[in-house]
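Understanding the architecture of this molecule
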Amino acid sequence: MPDITKLKSVTEEIIGEDTLVRLLDKKSYLRHYIGLEISGNLHIGHAVSAMLVIKELQELGVHCTIFLADWHAWINDKLGGDLKFMDEVGIPLFKELFKASSLMVGADFDKIEFIKASTIVDSSDYWACVIDVAKNTSLARIERSIDILGRKEGESTDFAKLMYPAMQVADIYYMQTHIMHAGMDQRKAHVIALDVAKSLKIKPMIVDGERISPIAIHHHLLLGLTPPSKEVQAKGEVTRDDLTEMKMSKSKPMSAVFLVDTPEVVKEKIMKAFCPEGQVKLNPILDWSKNVCFKLGTKTIDIKRKEEWGGDKTYTTYEELEKDFVEKKLHPMDLKDAVARSLITILEPATKYLDNPKIKELSELVKNKVSR
RNA sequence: CCGCAGGUCGUCAAGUGGCUUAAGACCCUGGACUGUAAAUCCAGUAUUCGAAGGUUCGAAUCCUUCCCUGCGGACCA
(Lines give C-alpha, C1' and ligand atoms only; values in the text may rest on other atoms or scores of the structure.)
Protein backbone atom coordinates (compact mmCIF):
# COMPACT_ATOMS: atom_id res chain seq x y z
CA MET A 1 0.00 0.00 0.00
CA PRO A 2 1.35 3.41 -0.88
CA ASP A 3 1.79 5.68 2.10
CA ILE A 4 0.06 9.00 1.64
CA THR A 5 0.34 10.27 5.20
CA LYS A 6 2.99 12.82 4.26
CA LEU A 7 0.83 14.06 1.40
CA LYS A 8 -2.12 14.35 3.74
CA SER A 9 -0.08 16.32 6.23
CA VAL A 10 0.36 19.12 3.69
CA THR A 11 -3.23 19.24 2.44
CA GLU A 12 -6.50 20.33 3.95
CA GLU A 13 -8.61 17.75 2.14
CA ILE A 14 -8.42 15.04 -0.47
CA ILE A 15 -11.65 14.13 -2.22
CA GLY A 16 -11.35 10.65 -3.69
CA GLU A 17 -8.64 9.41 -1.39
CA ASP A 18 -9.60 5.76 -1.94
CA THR A 19 -9.26 6.12 -5.69
CA LEU A 20 -5.90 7.79 -5.27
CA VAL A 21 -4.53 5.03 -3.06
CA ARG A 22 -5.91 2.32 -5.35
CA LEU A 23 -4.40 3.84 -8.48
CA LEU A 24 -1.06 4.52 -6.82
CA ASP A 25 -1.03 0.92 -5.64
CA LYS A 26 -1.58 -0.30 -9.17
CA LYS A 27 1.33 1.94 -10.26
CA SER A 28 -0.92 3.65 -12.75
CA TYR A 29 0.48 6.64 -14.58
CA LEU A 30 -1.10 9.60 -12.82
CA ARG A 31 -1.03 13.22 -13.89
CA HIS A 32 -1.48 16.12 -11.50
CA TYR A 33 -2.16 19.73 -12.27
CA ILE A 34 -2.46 23.00 -10.45
CA GLY A 35 -3.62 26.03 -12.39
CA LEU A 36 -2.55 29.57 -11.69
CA GLU A 37 -3.62 32.78 -13.30
CA ILE A 38 -0.67 34.77 -14.52
CA SER A 39 -0.65 37.59 -12.04
CA GLY A 40 2.98 38.45 -11.66
CA ASN A 41 3.73 37.57 -8.09
CA LEU A 42 3.87 34.54 -5.86
CA HIS A 43 3.57 34.65 -2.11
CA ILE A 44 4.81 32.28 0.54
CA GLY A 45 1.50 30.42 0.48
CA HIS A 46 2.02 29.37 -3.10
CA ALA A 47 5.44 28.07 -2.24
CA VAL A 48 4.49 26.31 0.93
CA SER A 49 1.01 25.03 0.19
CA ALA A 50 1.21 24.41 -3.52
CA MET A 51 4.83 23.38 -3.98
CA LEU A 52 4.88 21.20 -0.92
CA VAL A 53 2.01 19.18 -2.36
CA ILE A 54 3.91 18.87 -5.62
CA LYS A 55 6.94 17.63 -3.76
CA GLU A 56 4.98 14.94 -1.97
CA LEU A 57 3.21 13.88 -5.15
CA GLN A 58 6.49 13.63 -6.99
CA GLU A 59 7.72 11.29 -4.29
CA LEU A 60 4.67 9.14 -4.90
CA GLY A 61 5.60 8.97 -8.58
CA VAL A 62 2.94 11.34 -9.89
CA HIS A 63 3.66 13.49 -12.94
CA CYS A 64 3.14 17.08 -11.86
CA THR A 65 1.97 19.91 -14.07
CA ILE A 66 1.66 23.63 -13.57
CA PHE A 67 -1.00 25.07 -15.79
CA LEU A 68 -0.23 28.66 -16.75
CA ALA A 69 -3.74 30.05 -16.99
CA ASP A 70 -3.11 33.07 -19.17
CA TRP A 71 -6.54 33.04 -20.80
CA HIS A 72 -8.11 32.74 -17.39
CA ALA A 73 -6.03 35.69 -16.23
CA TRP A 74 -7.32 37.57 -19.25
CA ILE A 75 -10.91 36.82 -18.28
CA ASN A 76 -10.19 37.84 -14.72
CA ASP A 77 -8.50 41.10 -15.73
CA LYS A 78 -5.11 40.21 -14.35
CA LEU A 79 -2.10 42.12 -15.70
CA GLY A 80 -4.43 44.33 -17.66
CA GLY A 81 -5.74 41.29 -19.51
CA ASP A 82 -2.72 41.70 -21.77
CA LEU A 83 -1.83 38.26 -23.18
CA LYS A 84 1.27 39.52 -24.92
CA PHE A 85 2.61 41.02 -21.73
CA MET A 86 1.87 37.79 -19.88
CA ASP A 87 3.77 35.84 -22.49
CA GLU A 88 6.79 38.12 -22.50
CA VAL A 89 7.00 39.12 -18.86
CA GLY A 90 4.45 37.42 -16.60
CA ILE A 91 5.18 33.83 -17.55
CA PRO A 92 8.99 34.07 -17.58
CA LEU A 93 8.82 35.69 -14.15
CA PHE A 94 6.37 33.07 -12.91
CA LYS A 95 8.70 30.26 -13.92
CA GLU A 96 11.54 31.83 -11.98
CA LEU A 97 9.29 32.19 -8.96
CA PHE A 98 8.27 28.55 -9.21
CA LYS A 99 11.89 27.58 -9.48
CA ALA A 100 12.55 29.59 -6.32
CA SER A 101 9.63 27.87 -4.58
CA SER A 102 10.90 24.46 -5.54
CA LEU A 103 14.25 25.29 -3.98
CA MET A 104 12.50 26.24 -0.76
CA VAL A 105 10.57 23.00 -0.38
CA GLY A 106 12.84 20.56 -2.19
CA ALA A 107 10.62 19.73 -5.14
CA ASP A 108 12.17 18.61 -8.43
CA PHE A 109 11.64 21.61 -10.68
CA ASP A 110 12.96 19.90 -13.81
CA LYS A 111 10.28 17.25 -13.62
CA ILE A 112 7.46 19.75 -13.52
CA GLU A 113 5.68 20.20 -16.81
CA PHE A 114 4.38 23.63 -17.75
CA ILE A 115 1.35 24.00 -19.99
CA LYS A 116 -0.03 27.30 -21.18
CA ALA A 117 -3.77 27.75 -21.51
CA SER A 118 -3.22 29.68 -24.73
CA THR A 119 -1.84 26.54 -26.37
CA ILE A 120 -4.69 24.21 -25.51
CA VAL A 121 -7.36 26.67 -26.59
CA ASP A 122 -6.14 26.24 -30.16
CA SER A 123 -7.86 22.89 -30.23
CA SER A 124 -11.51 22.59 -31.18
CA ASP A 125 -11.58 19.51 -28.96
CA TYR A 126 -10.89 21.78 -26.04
CA TRP A 127 -13.91 23.91 -26.80
CA ALA A 128 -15.96 20.76 -27.27
CA CYS A 129 -14.97 19.89 -23.69
CA VAL A 130 -16.05 23.34 -22.51
CA ILE A 131 -19.45 22.87 -24.08
CA ASP A 132 -19.69 19.32 -22.78
CA VAL A 133 -19.15 20.64 -19.26
CA ALA A 134 -21.53 23.54 -19.79
CA LYS A 135 -24.24 21.22 -21.10
CA ASN A 136 -23.98 19.20 -17.91
CA THR A 137 -24.28 21.97 -15.39
CA SER A 138 -26.73 24.79 -14.81
CA LEU A 139 -26.43 28.53 -15.08
CA ALA A 140 -27.32 28.88 -11.39
CA ARG A 141 -24.54 26.51 -10.49
CA ILE A 142 -22.03 28.48 -12.49
CA GLU A 143 -23.19 31.73 -10.93
CA ARG A 144 -22.72 30.31 -7.47
CA SER A 145 -19.22 29.16 -8.30
CA ILE A 146 -18.09 32.50 -9.64
CA ASP A 147 -16.36 33.44 -6.40
CA ILE A 148 -13.52 31.16 -7.47
CA LEU A 149 -12.38 34.20 -9.44
CA GLY A 150 -11.78 35.96 -6.15
CA ARG A 151 -14.47 38.47 -6.90
CA LYS A 152 -17.01 39.61 -4.38
CA GLU A 153 -20.67 39.25 -5.05
CA GLY A 154 -22.26 42.31 -6.61
CA GLU A 155 -19.15 43.19 -8.52
CA SER A 156 -19.89 43.61 -12.17
CA THR A 157 -19.46 40.38 -14.03
CA ASP A 158 -19.01 40.40 -17.74
CA PHE A 159 -20.19 37.33 -19.56
CA ALA A 160 -16.66 35.96 -20.04
CA LYS A 161 -16.44 35.43 -16.31
CA LEU A 162 -19.30 32.97 -16.55
CA MET A 163 -17.31 30.97 -19.06
CA TYR A 164 -14.43 30.69 -16.62
CA PRO A 165 -15.68 27.86 -14.39
CA ALA A 166 -16.65 25.73 -17.38
CA MET A 167 -13.22 26.32 -18.87
CA GLN A 168 -11.52 25.46 -15.61
CA VAL A 169 -13.35 22.16 -15.48
CA ALA A 170 -12.73 21.52 -19.16
CA ASP A 171 -9.00 22.10 -18.62
CA ILE A 172 -8.91 19.12 -16.30
CA TYR A 173 -10.63 16.71 -18.67
CA TYR A 174 -8.99 17.97 -21.81
CA MET A 175 -5.52 17.56 -20.31
CA GLN A 176 -6.55 14.34 -18.58
CA THR A 177 -5.03 15.41 -15.30
CA HIS A 178 -6.30 12.81 -12.89
CA ILE A 179 -5.41 14.83 -9.83
CA MET A 180 -6.76 18.35 -9.71
CA HIS A 181 -5.07 20.48 -7.14
CA ALA A 182 -5.81 23.99 -5.87
CA GLY A 183 -6.40 26.01 -2.75
CA MET A 184 -9.58 25.64 -0.73
CA ASP A 185 -10.94 28.71 -2.51
CA GLN A 186 -11.22 26.69 -5.72
CA ARG A 187 -13.21 23.77 -4.42
CA LYS A 188 -16.49 24.90 -6.00
CA ALA A 189 -15.01 24.45 -9.45
CA HIS A 190 -13.64 21.06 -8.50
CA VAL A 191 -16.95 19.94 -7.14
CA ILE A 192 -18.52 20.77 -10.49
CA ALA A 193 -15.80 18.71 -12.12
CA LEU A 194 -16.72 15.83 -9.83
CA ASP A 195 -20.42 16.21 -10.53
CA VAL A 196 -20.05 16.09 -14.30
CA ALA A 197 -17.53 13.24 -14.26
CA LYS A 198 -20.07 10.57 -15.10
CA SER A 199 -21.91 12.54 -17.74
CA LEU A 200 -19.15 13.80 -19.99
CA LYS A 201 -19.05 12.43 -23.53
CA ILE A 202 -16.13 14.15 -25.22
CA LYS A 203 -13.20 13.38 -22.94
CA PRO A 204 -14.15 11.43 -19.84
CA MET A 205 -11.38 10.85 -17.32
CA ILE A 206 -9.78 7.51 -18.08
CA VAL A 207 -7.02 5.64 -16.23
CA ASP A 208 -5.94 2.21 -17.47
CA GLY A 209 -9.12 2.00 -19.50
CA GLU A 210 -11.26 2.71 -16.47
CA ARG A 211 -13.50 5.75 -16.18
CA ILE A 212 -12.89 7.59 -12.90
CA SER A 213 -13.82 10.78 -11.15
CA PRO A 214 -10.81 13.04 -10.84
CA ILE A 215 -9.17 13.26 -7.43
CA ALA A 216 -9.35 16.68 -5.80
CA ILE A 217 -6.57 17.88 -3.55
CA HIS A 218 -7.04 21.14 -1.72
CA HIS A 219 -4.37 22.87 0.27
CA HIS A 220 -4.81 25.18 3.23
CA LEU A 221 -4.99 28.90 2.58
CA LEU A 222 -2.78 30.89 4.87
CA LEU A 223 -4.57 33.64 6.75
CA GLY A 224 -3.72 37.17 5.63
CA LEU A 225 -1.63 39.16 8.08
CA THR A 226 -4.04 42.08 8.26
CA PRO A 227 -6.94 42.01 10.74
CA PRO A 228 -10.11 40.21 9.65
CA SER A 229 -13.24 42.32 9.22
CA LYS A 230 -15.19 43.15 12.36
CA GLU A 231 -18.18 41.16 11.15
CA VAL A 232 -16.12 38.01 10.83
CA GLN A 233 -14.41 38.58 14.17
CA ALA A 234 -17.79 38.92 15.82
CA LYS A 235 -19.03 35.60 14.41
CA GLY A 236 -18.84 32.47 16.46
CA GLU A 237 -18.60 30.21 13.44
CA VAL A 238 -16.19 30.99 10.65
CA THR A 239 -17.28 29.61 7.31
CA ARG A 240 -15.20 28.44 4.40
CA ASP A 241 -16.12 31.55 2.48
CA ASP A 242 -15.00 33.72 5.39
CA LEU A 243 -11.63 32.01 5.39
CA THR A 244 -11.32 32.52 1.66
CA GLU A 245 -12.09 36.16 2.24
CA MET A 246 -9.24 36.46 4.69
CA LYS A 247 -6.52 34.84 2.63
CA MET A 248 -3.43 36.70 1.61
CA SER A 249 -4.12 39.07 -1.19
CA LYS A 250 -1.89 40.73 -3.70
CA SER A 251 -3.99 43.84 -3.57
CA LYS A 252 -3.16 44.15 0.13
CA PRO A 253 0.63 43.89 0.18
CA MET A 254 0.77 43.99 3.96
CA SER A 255 -1.43 40.90 4.15
CA ALA A 256 1.08 38.68 2.39
CA VAL A 257 4.75 37.81 2.32
CA PHE A 258 6.00 37.56 -1.24
CA LEU A 259 8.89 35.49 -2.41
CA VAL A 260 10.66 38.62 -3.56
CA ASP A 261 10.34 40.30 -0.16
CA THR A 262 13.66 41.04 1.52
CA PRO A 263 14.34 39.82 5.08
CA GLU A 264 13.77 43.37 6.35
CA VAL A 265 10.35 43.54 4.71
CA VAL A 266 9.41 40.10 6.02
CA LYS A 267 10.33 41.16 9.52
CA GLU A 268 8.32 44.37 9.23
CA LYS A 269 5.23 42.62 7.89
CA ILE A 270 5.26 40.03 10.65
CA MET A 271 5.75 42.61 13.37
CA LYS A 272 2.79 44.61 12.02
CA ALA A 273 0.56 41.56 11.75
CA PHE A 274 -2.67 41.00 13.63
CA CYS A 275 -2.00 38.81 16.65
CA PRO A 276 -4.35 38.94 19.65
CA GLU A 277 -2.74 37.60 22.77
CA GLY A 278 -3.94 34.20 23.87
CA GLN A 279 -6.33 33.82 20.95
CA VAL A 280 -5.96 31.03 18.41
CA LYS A 281 -8.98 31.74 16.26
CA LEU A 282 -8.26 33.93 13.24
CA ASN A 283 -4.72 34.49 14.39
CA PRO A 284 -2.45 34.58 11.33
CA ILE A 285 0.78 34.28 13.30
CA LEU A 286 -0.39 31.04 14.89
CA ASP A 287 -1.68 29.86 11.54
CA TRP A 288 1.64 30.55 9.89
CA SER A 289 3.53 28.91 12.72
CA LYS A 290 1.52 25.76 12.24
CA ASN A 291 1.41 25.68 8.47
CA VAL A 292 4.74 27.18 7.50
CA CYS A 293 7.26 27.09 10.32
CA PHE A 294 6.46 23.58 11.50
CA LYS A 295 6.34 22.25 7.95
CA LEU A 296 9.55 23.62 6.51
CA GLY A 297 13.09 24.48 7.55
CA THR A 298 13.99 23.28 11.01
CA LYS A 299 10.32 22.57 11.77
CA THR A 300 10.73 24.24 15.12
CA ILE A 301 10.06 27.62 16.66
CA ASP A 302 12.97 29.06 18.60
CA ILE A 303 11.90 31.69 21.07
CA LYS A 304 14.60 34.12 22.11
CA ARG A 305 13.69 36.38 25.01
CA LYS A 306 15.05 37.93 28.14
CA GLU A 307 15.03 35.97 31.38
CA GLU A 308 12.38 38.29 32.80
CA TRP A 309 9.97 37.15 30.10
CA GLY A 310 10.78 33.48 30.58
CA GLY A 311 14.06 32.98 28.75
CA ASP A 312 14.74 31.09 25.52
CA LYS A 313 12.61 28.12 24.55
CA THR A 314 12.39 25.81 21.55
CA TYR A 315 9.08 24.33 20.48
CA THR A 316 9.17 21.15 18.45
CA THR A 317 5.42 20.70 18.04
CA TYR A 318 2.69 23.13 17.22
CA GLU A 319 0.39 21.77 19.93
CA GLU A 320 2.91 22.62 22.61
CA LEU A 321 3.28 26.13 21.25
CA GLU A 322 -0.46 26.68 21.02
CA LYS A 323 -0.94 25.56 24.60
CA ASP A 324 1.59 28.07 25.91
CA PHE A 325 0.14 30.79 23.74
CA VAL A 326 -3.38 30.21 25.00
CA GLU A 327 -2.15 30.20 28.59
CA LYS A 328 -0.32 33.44 27.82
CA LYS A 329 3.02 31.94 28.70
CA LEU A 330 4.14 32.98 25.24
CA HIS A 331 3.83 36.64 24.34
CA PRO A 332 2.86 37.62 20.76
CA MET A 333 5.95 39.76 20.38
CA ASP A 334 8.31 36.92 21.20
CA LEU A 335 6.38 34.62 18.88
CA LYS A 336 6.47 37.16 16.09
CA ASP A 337 10.19 37.56 16.44
CA ALA A 338 10.68 33.80 16.22
CA VAL A 339 8.27 33.39 13.31
CA ALA A 340 9.97 36.18 11.38
CA ARG A 341 13.38 34.57 11.85
CA SER A 342 11.97 31.20 10.83
CA LEU A 343 10.35 32.61 7.69
CA ILE A 344 13.52 34.38 6.66
CA THR A 345 15.41 31.11 6.93
CA ILE A 346 12.75 29.21 5.03
CA LEU A 347 12.71 31.85 2.31
CA GLU A 348 16.45 32.07 2.06
CA PRO A 349 16.90 29.70 -0.92
CA ALA A 350 14.28 31.69 -2.81
CA THR A 351 15.69 35.03 -1.74
CA LYS A 352 19.13 34.02 -2.97
CA TYR A 353 17.87 32.61 -6.24
CA LEU A 354 15.74 35.67 -6.98
CA ASP A 355 18.54 38.09 -6.23
CA ASN A 356 19.53 38.60 -9.82
CA PRO A 357 19.13 41.62 -12.10
CA LYS A 358 17.12 39.89 -14.78
CA ILE A 359 14.47 38.69 -12.38
CA LYS A 360 14.33 42.05 -10.66
CA GLU A 361 13.80 43.71 -14.00
CA LEU A 362 10.86 41.43 -14.82
CA SER A 363 9.47 42.05 -11.37
CA GLU A 364 9.67 45.81 -11.87
CA LEU A 365 7.89 45.57 -15.22
CA VAL A 366 5.05 43.70 -13.56
CA LYS A 367 4.85 46.17 -10.70
CA ASN A 368 4.43 49.04 -13.15
CA LYS A 369 1.85 47.16 -15.12
CA VAL A 370 -0.24 46.39 -12.07
CA SER A 371 -0.23 49.88 -10.65
CA ARG A 372 -1.22 51.36 -13.95
C1' C B 1 -30.18 51.44 -33.50
C1' C B 2 -33.80 53.75 -29.85
C1' G B 3 -35.27 54.99 -24.74
C1' C B 4 -34.19 55.52 -19.45
C1' A B 5 -30.65 56.03 -15.48
C1' G B 6 -25.83 57.15 -14.20
C1' G B 7 -20.40 58.65 -14.37
C1' U B 8 -17.55 63.14 -7.78
C1' C B 9 -10.72 60.67 -3.59
C1' G B 10 -8.16 53.58 -3.74
C1' U B 11 -13.66 52.17 -2.35
C1' C B 12 -18.77 53.63 -0.95
C1' A B 13 -20.93 58.24 -1.17
C1' A B 14 -23.14 63.82 0.03
C1' G B 15 -23.62 67.95 -2.89
C1' U B 16 -28.44 69.93 -8.29
C1' G B 17 -25.60 77.81 -9.87
C1' G B 18 -22.29 81.59 -5.08
C1' C B 19 -22.25 79.37 2.34
C1' U B 20 -17.62 74.10 -1.50
C1' U B 21 -10.20 76.70 -1.48
C1' A B 22 -16.08 69.41 -2.61
C1' A B 23 -19.28 66.69 3.50
C1' G B 24 -19.02 61.97 5.62
C1' A B 25 -17.59 56.71 6.03
C1' C B 26 -14.06 52.92 5.02
C1' C B 27 -9.10 52.13 3.28
C1' C B 28 -4.30 54.18 3.47
C1' U B 29 -0.07 57.12 5.89
C1' G B 30 2.18 59.31 10.36
C1' G B 31 1.86 59.99 15.77
C1' A B 32 0.05 58.80 21.06
C1' C B 33 -1.18 54.51 24.15
C1' U B 34 -0.33 49.38 25.29
C1' G B 35 6.07 44.47 25.89
C1' U B 36 3.13 42.86 19.26
C1' A B 37 -0.88 43.71 16.32
C1' A B 38 -6.01 45.01 17.10
C1' A B 39 -9.27 48.54 19.76
C1' U B 40 -9.12 53.74 21.23
C1' C B 41 -7.41 58.92 20.52
C1' C B 42 -5.10 62.74 17.47
C1' A B 43 -3.18 64.37 12.56
C1' G B 44 -2.66 63.94 7.08
C1' U B 45 -4.67 62.62 2.38
C1' A B 46 -9.46 65.07 -4.50
C1' U B 47 -7.06 72.97 -6.40
C1' U B 48 -10.82 68.71 -8.43
C1' C B 49 -15.99 66.49 -9.90
C1' G B 50 -15.86 60.97 -17.41
C1' A B 51 -13.73 64.32 -21.88
C1' A B 52 -14.01 68.69 -24.84
C1' G B 53 -16.51 73.08 -25.83
C1' G B 54 -20.30 76.82 -24.34
C1' U B 55 -23.77 80.01 -21.07
C1' U B 56 -22.75 83.06 -16.56
C1' C B 57 -19.81 88.19 -12.62
C1' G B 58 -19.58 82.99 -10.73
C1' A B 59 -20.63 75.79 -12.48
C1' A B 60 -19.40 69.40 -9.89
C1' U B 61 -24.19 71.67 -10.32
C1' C B 62 -27.32 74.78 -16.75
C1' C B 63 -26.61 73.78 -22.42
C1' U B 64 -24.07 71.02 -26.68
C1' U B 65 -21.16 67.11 -28.56
C1' C B 66 -18.42 62.89 -27.56
C1' C B 67 -16.76 58.60 -24.44
C1' C B 68 -18.00 54.91 -20.83
C1' U B 69 -21.29 51.83 -17.46
C1' G B 70 -26.06 49.64 -16.06
C1' C B 71 -31.13 48.65 -17.37
C1' G B 72 -35.02 48.19 -20.92
C1' G B 73 -36.68 48.06 -25.90
C1' A B 74 -36.29 47.34 -31.14
C1' C B 75 -34.96 43.99 -35.35
C1' C B 76 -37.32 38.28 -36.18
C1' A B 77 -44.33 39.38 -37.44
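Below: a short report on this structure.

Each value, and the rule that gives it
Residues numbered from 1 in each chain as written. Chains lettered and ligands numbered in written order. Predicted model: local features only at pLDDT ≥ 70, side-chain atom pairs only at ≥ 80, totals over all residues. Axes fitted to C-alpha atoms, helices over the stretch in contact; angles between N-to-C directions. Helix = DSSP H or I, 4+ residues; strand = E, 2+ residues; numbered from the N terminus. Parallel < 35°, antiparallel > 145°, perpendicular 65-115°, else oblique. Left-handed = near helix turned anticlockwise from the far one by under 90°. Contact = placed C-beta atoms within 7 Å. Near = placed C-beta within 6 Å. Nonpolar A, V, L, I, M, F, W, Y, C, P; charged D, E, K, R; others polar. Buried ≥ 20, exposed ≤ 12 C-beta atoms within 10 Å, placed from the backbone. Pairing = 2+ DSSP bridges. Arc of directions from axis to C-beta. Core = buried A, V, L, I, M, F, W, Y, C linked by C-beta atoms within 7 Å.

Some remarks on the packing of helix α9 (residues 159-175) against helix α10 (residues 187-196)
What describes two packed helices is the angle between their axes and the distance between those same axes. Two elements in contact, α9 and α10, have axes whose closest approach is 9 Å; the angle formed by their N-to-C orientations is 60 degrees. Between α9 and α10, the angle is such that the two are oblique. The handedness of the crossing between α9 and α10 is right-handed. Where α9 abuts α10, its residues P165, Q168, V169 and I172 lie against A189, I192, A193 and V196.

What to know about the protein's contact with RNA strand B
The environment of RNA strand B is made up of 18 residues, and the closest members are C275, W309, H331, P332 and M333. At four residues, helix α16 (residues 332-354) tops the list of elements feeding residues into the surface near RNA strand B. In terms of residue class, the surface near RNA strand B is built from 10 nonpolar, three polar and five charged.

A closer look at the pairing of strand β8 (residues 215-219)
Among the five residues in β8, five count as buried, and that is most of the element. Both faces of β8 are covered, namely the face carrying I215, I217 and H219 and the face carrying A216 and H218. Summarising the sheet, strand β1 (residues 13-15) and β8 pair through three bridges and their orientation is antiparallel. Counterpart to E13 in the pairing with β8 is H218.

Brief notes about helix α13 (residues 263-271)
All of the buried residues in α13 are V266, K269 and I270. Burial along α13 is one-sided: seen end-on, the buried residues are contained in an arc of 95 degrees. Structurally, α13 contributes buried residues whose contacts are with α16.

Thoughts on the nonpolar core
Judged by nonpolar contacts, the single largest core of 108 residues is most densely connected at A47, V169, A170, L259, V339 and L343. Take this core: its biggest share by element is 10 residues, from helix α5 (residues 83-105). Contact partners of A170, with chain neighbours within four places excluded, come to Y126, C129, V130 and V133.

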